[in-house]
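Given next are the chains, with one letter for each unit.
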Amino acid sequence: MSIGISKKGIICIFLYVFFLLLYMLILPFGDEPDFNRRGLEYLSIFSSLNWSYFEGLIPIVENPNNGVLNTASECISTIDAMQIYGKYDFNTCPQVVELALKRSLLTLVIFFPIFIPILFGRFRNYNNSIILQKYSFNRDSLSISLLFPGFIYYSSVFSLEQVCLMLSLFFIYSFCSSKYFLGIASLSLFLLLDQGNAQAFIVIFLYIIFSIYIYKLLGFNKFLLINALFFITGFFGAESLLPFLSNFNDKLGTIYHDYTNSPAINDHPLILRPIMTFMSYNIMPPAYSKHPLVYLIVGLGICYTFFKHYYTNLRYRINYLHLVVPISITVVVSVIIFFLPGFTNSKYYIFTIPFFINTILQYYSIKTVIIFFVILNILILFDYLFFYLI
């Protein structure tokens, strides 16, 4: 029996490797979420395995305030949340070639389990999941996810979170293709490695299932109404509901304490939080380098897709489940960040990208989406070259 290898999968993996290497060589070293703390945790894991893969390549310094050791970067950057560009020092920010190559190779090894279904999956569409019945999950949406700028960035962070991202994607593939044993195994490992991120993943995935159930039970209009009410409740009720709910659960009490003491409450006004999440979903590292042209192009692409749906005959051929899923993700993520300002960064939600691409593929060809993502990556890389010059 011959084994069919997906040509599109090969192209996507090749482009992913190509852009991953460029990102590693060009993007500023250390400009990653929680790099100081997460990086040292990662190195500790390697040390416990007696693996000196990164020995001597990543600086470790002592925090003068508390004496705690942290991974460090010598990159000099101008951090300003209000600026519309980034400023980085070319002499201190790019990684050395050896470190860039080693990190790229490690990322490829970690994401190898995802490459297998991308290359060797037997069917193009998976729609035989017991819970997600009639929701067709296109295998190509998994492969194209590799090319989204935000995914390339978050898949390569120097943190255990890159392993968790792989596990979340593997769960999505396993669940949508009815390989439940693999899904349970990947989710169990996810919970073991990072309970916080895993809980966010579970909440969002359960809300997707709940939304599909509501749509099938009540129809699309009532699904929209329920989600609109949920969104409005989150927007106007976060400050009053959280202290009330915190009385019934210790975990909610901790969340409320973090909420009231989080600087993000003042830094990011409520209405701006979804916008900040959208920007970081595309790419916006902690030093706040921004890519306005990328955000504009993606935003216009979303608007054009809405136009294409409502003003062409496509709307009569689209399974409404492909609208239910991205709408439900957008709503539940918005409500989460209304309640939890410290969770605005899209590193917690980037695993949802295959669902969005799965919907996009209902309107555009695979070739068009690949070219679109390639253009976005090229723009980001040119932006960083510009940020080194100014």
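Remember, it's a predicted structure, so these values are computed and weren't measured experimentally.

Asks: Help me understand helix 2 (residues 35–48), please; the structure alone is not making it clear to me.
Replies: The periodicity of an α-helix, 3.6 residues per turn, causes residues three or four places apart in sequence to face the same way. The end-to-end C-alpha distance of helix 2, which contains 14 residues, comes to 20 Å, matching closely the 20 Å that a straight helix rising 1.5 Å per residue would cover. Restricting attention to buried positions, one finds in helix 2 the residues F35, R38, G39, L40, Y42, L43 and F46. Each element contacted by the buried residues of helix 2 is listed here: strand 1 (60–62), strand 2 (69–71), helix 3 (97–110) and helix 7 (161–176). A positive phi of about 55° marks N50, the residue just after helix 2.

Asks: Would you take a moment to explain the side chain of T352 for this structure?
Replies: Locating T352 in the fold gives a position in the loop between helix 15 (321–339) and helix 16 (353–360). Residue T352 is classed as buried on the basis of its relative accessible area, which comes to 0%. Of note is the side chain of T352, whose polar atom sits 2.7 Å from the backbone oxygen of Y349. Sequence-distant contacts of T352, defined by excluding residues within four places in its chain, comprise I204, Y281 and I329.

Asks: Is there a simple way to explain the pattern of salt bridges in this structure?
Replies: Oppositely charged side chains can pair when the atoms bearing their charge come close. Going through the model one piece at a time under the given rule, you end up with 9 salt bridges. Two residues, E32 and R103, come together in a salt bridge whose shortest N-O distance is 2.7 Å. Of this pair, E32 sits in the loop between helix 1 (7–26) and helix 2 while R103 sits in helix 3, and the two are 71 residues apart along the sequence. Comparing E32 with R103, the two get one shared label, buried. Residue R38 pairs with E161 through a salt bridge whose shortest N-O separation is 3.4 Å. Here R38, found in helix 2, pairs with E161, found in helix 7; they are 123 residues apart in sequence, far enough to count as distant. On the basis of relative accessibility, which here comes to 15%, the residue R38 falls in the buried class. Relative accessible area serves as the criterion here: at 10%, E161 is assigned to the buried category. Counted as one network, the salt bridges with shared partners bring together D34, R37, R38, E41, E161, D194 and K347.

Asks: Whenever I open this one, the nonpolar core confuses me. Can you help?
Replies: Generally speaking, nonpolar side chains in soluble globular proteins are found buried as a group. Among the nonpolar cores identified, the biggest contains 115 residues, and Y16, F54, F111, I144, F151 and F355 are the most heavily contacted of them. At 13 residues, helix 15 tops the list of elements feeding residues into this core.

Asks: I tried to follow the state of the cysteines on my own but got confused; where do I start?
Replies: Where two cysteines share a covalent bond between their sulfur atoms, that bond is called a disulfide. The tally for this structure, following the rule as stated, stands at 1 disulfide. Between the sulfur atoms of C75 and its disulfide mate C93 the distance is 1.9 Å. What sets the handedness of the C75 and C93 disulfide is the S-S torsion sign, and at about 80° it is right-handed. Of the two residues, C75 sits in the loop between strand 2 and strand 3 (77–78) while C93 sits in the loop between strand 4 (87–88) and helix 3, which places them 18 residues apart along the sequence.

Asks: Could you clarify how one ought to interpret unusual backbone geometry in this entry?
Replies: Phi is positive for D34, which is not a glycine, with a value near 55°. Residue position: D34 is located in the loop between helix 1 and helix 2. Relative accessible area serves as the criterion here: at 34%, D34 is assigned to the partly exposed category. In this structure, Y288 takes a positive phi of about 65° despite not being glycine. With respect to the helices and strands, Y288 occurs in the loop between helix 13 (273–282) and helix 14 (292–310).

Asks: Help me out: how do you make sense of the environment of V335 in this one?
Replies: Tracing the chain through its elements places V335 in helix 15. Of the residues examined, V335 reaches a relative accessible area of 6% and is grouped as buried. Linking V335 and G234, residues 101 residues apart in sequence, is a C-alpha distance of 5.0 Å. Discounting chain neighbours no more than four positions away, the residues touching V335 are F230, F231 and G234.

Cut-offs applied
Residues numbered from 1 in each chain as written. Predicted model: local features only at pLDDT ≥ 70, side-chain atom pairs only at ≥ 80, totals over all residues. Heavy atoms only, no water. Helix = DSSP H or I, 4+ residues; strand = E, 2+ residues; numbered from the N terminus. Expected span 1.5 Å × (residues − 1). Buried < 20%, exposed > 50% of the residue type's maximum accessible area, 1.4 Å probe, protein only. Contact = heavy atoms within 4.5 Å. Polar contact = N/O pair within 3.5 Å; in protein donor to acceptor, adjacent residues only side chain to side chain. Salt bridge = Lys/Arg side-chain N within 4 Å of Asp/Glu carboxyl O. Core = buried A, V, L, I, M, F, W, Y, C linked by side-chain atoms within 4.5 Å. Disulfide = S-S within 2.5 Å.

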